[in-house]
Amino acid sequence: TKELTVSFDGQNITLPRQKDLTWSPWPHCDQSPERKGMQCVQGLLNYQPNGPKDGGLIVMKGSSKLFDQFFKETREQDDHEDKPPEEENFRDLFIFKEEDVKWFEKRGCEMIKVNLEPGDLVLWDSRTMHYACFPEGDLIRHVQYVCMTPAKFAKQEDLDLKAELFKT
């Protein structure tokens, strides 16, 4: 349909047993609190098996339904060491604090590790709290990120630039 814009936003290849990488979870959502309703469907196409000990996706089940209720109060992002630089305009990123995670848990939400097979496609509402976990086992994590939004959100010059970048 011409009413939907679909993009391949990047890849993630995470090697197991890396000694040179420091990493800690940073639960986040990829929708600004100013945006109301479902604005974007995020997803990933999985290329490698992901079991309980392998790297992969963690989602906070039920969190998207509480998005508006949570943001009725003024909220401050976590000052996580891996967050994007301040000078960047990441308005559709909110990194949750540990107390925020507990707020959702008290309302019945729970963190779920999504185990996948090669070729599995996972889609979620961009208001869903999520993050990636680091591999503890021996398998490589390899995924392709995808994003789907209404075409009316995109400016024609942005679509033209995206097409040119894809071609080159």
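This text follows the structure it describes.
Computed from a predicted model, the values in this text were never measured in an experiment. (Residues numbered from 1 in each chain as written. Predicted model: local features only at pLDDT ≥ 70, side-chain atom pairs only at ≥ 80, totals over all residues. Heavy atoms only, no water.)

Enquirer: Explain the overall build of the chain here, please?
Expert: When you go through the chain residue by residue, the secondary structure sums to 3 helices and 9 strands. Scaling as 2.2 N^0.38, a compact globule of 168 residues should have a C-alpha radius of gyration of about 15 Å, and the chain matches this with 17 Å. With respect to the principal axes defined by its C-alpha atoms, the chain has extents near 45 × 40 × 30 Å. Taking all 168 residues of the chain together, 38% fall into the buried category. Looking at the chain alone, contacts between residues at least 24 apart form 89% of all its contacts between residues at least 6 apart. A total accessible area of about 10,800 Å² is found for the chain, and carbon and sulfur atoms account for 51% of it. Between the mean site of the 23 positive side-chain charges and the mean site of the 31 negative ones, the chain shows a separation of 5 Å. (Helix = DSSP H or I, 4+ residues; strand = E, 2+ residues; numbered from the N terminus. Rg over C-alpha atoms; globule rule 2.2 N^0.38 Å. Buried < 20%, exposed > 50% of the residue type's maximum accessible area, 1.4 Å probe, protein only. Contact = heavy atoms within 4.5 Å. Areas by Shrake-Rupley, 256 points an atom, 1.4 Å probe, with all protein chains shown as cover. Lys, Arg positive; Asp, Glu negative; His and termini not counted. Charge placed at Lys NZ, Arg CZ, Asp CG, Glu CD.)

Enquirer: What is the right way to look at the packing of aromatic side chains in this model?
Expert: Taken as a whole and assessed by the stated rule, the structure comprises 11 aromatic pairs. Summarising the aromatic geometry, the rings of F70 and F71 are spaced 4.8 Å apart at their centres and angled 85° between planes, so their arrangement reads as edge-to-face. Here F70 falls in the buried class, since its relative accessible area comes to 0%. On the basis of relative accessibility, which here comes to 12%, the residue F71 falls in the buried class. Measuring from centroid to centroid gives 6.4 Å for F71 and F96, while their planes differ by 40°, and the two rings are tilted. With F71 in the loop between α1 (67-70) and β5 (94-95) and F96 in the loop between β5 and α2 (98-106), this pair connects stretches of sequence that are 25 residues apart. Per residue, the accessibility class of F71 equals that of F96, and both read buried. Ring pairing ties together the aromatic residues F67, F70, F71, F94, F96, W103 and F104, which thus form one cluster. The side chain of R75 reaches across the aromatic face of F70, ending 3.8 Å from its centre. (Phe/Tyr/Trp six-rings, centres within 6.5 Å; stacked < 30°, edge-to-face > 60°. Lys NZ or Arg CZ within 6 Å of the ring centre and 35° of its normal.)

Enquirer: What is the right way to look at the environment of E164 in this model?
Expert: Following the sequence through the fold, E164 ends up in helix α3 (residues 156-167). Distance from E164 to S24, taken between C-alpha atoms, is 36 Å for residues 140 residues apart in sequence.

Enquirer: What am I meant to see in the pairing of strand β3 (residues 41-46) here?
Expert: Bridge count for β3 against strand β7 (residues 121-125) is 5 bridges, and the pairing is antiparallel. Bridging across to β7, L45 finds its partner in L121. Two strands pair when backbone bridges link them, and β3 and strand β9 (residues 141-150) are joined in this way by 6 bridges, in the antiparallel orientation. Paired with L45 across the strands is Q144, a residue of β9. (Pairing = 2+ DSSP bridges.)

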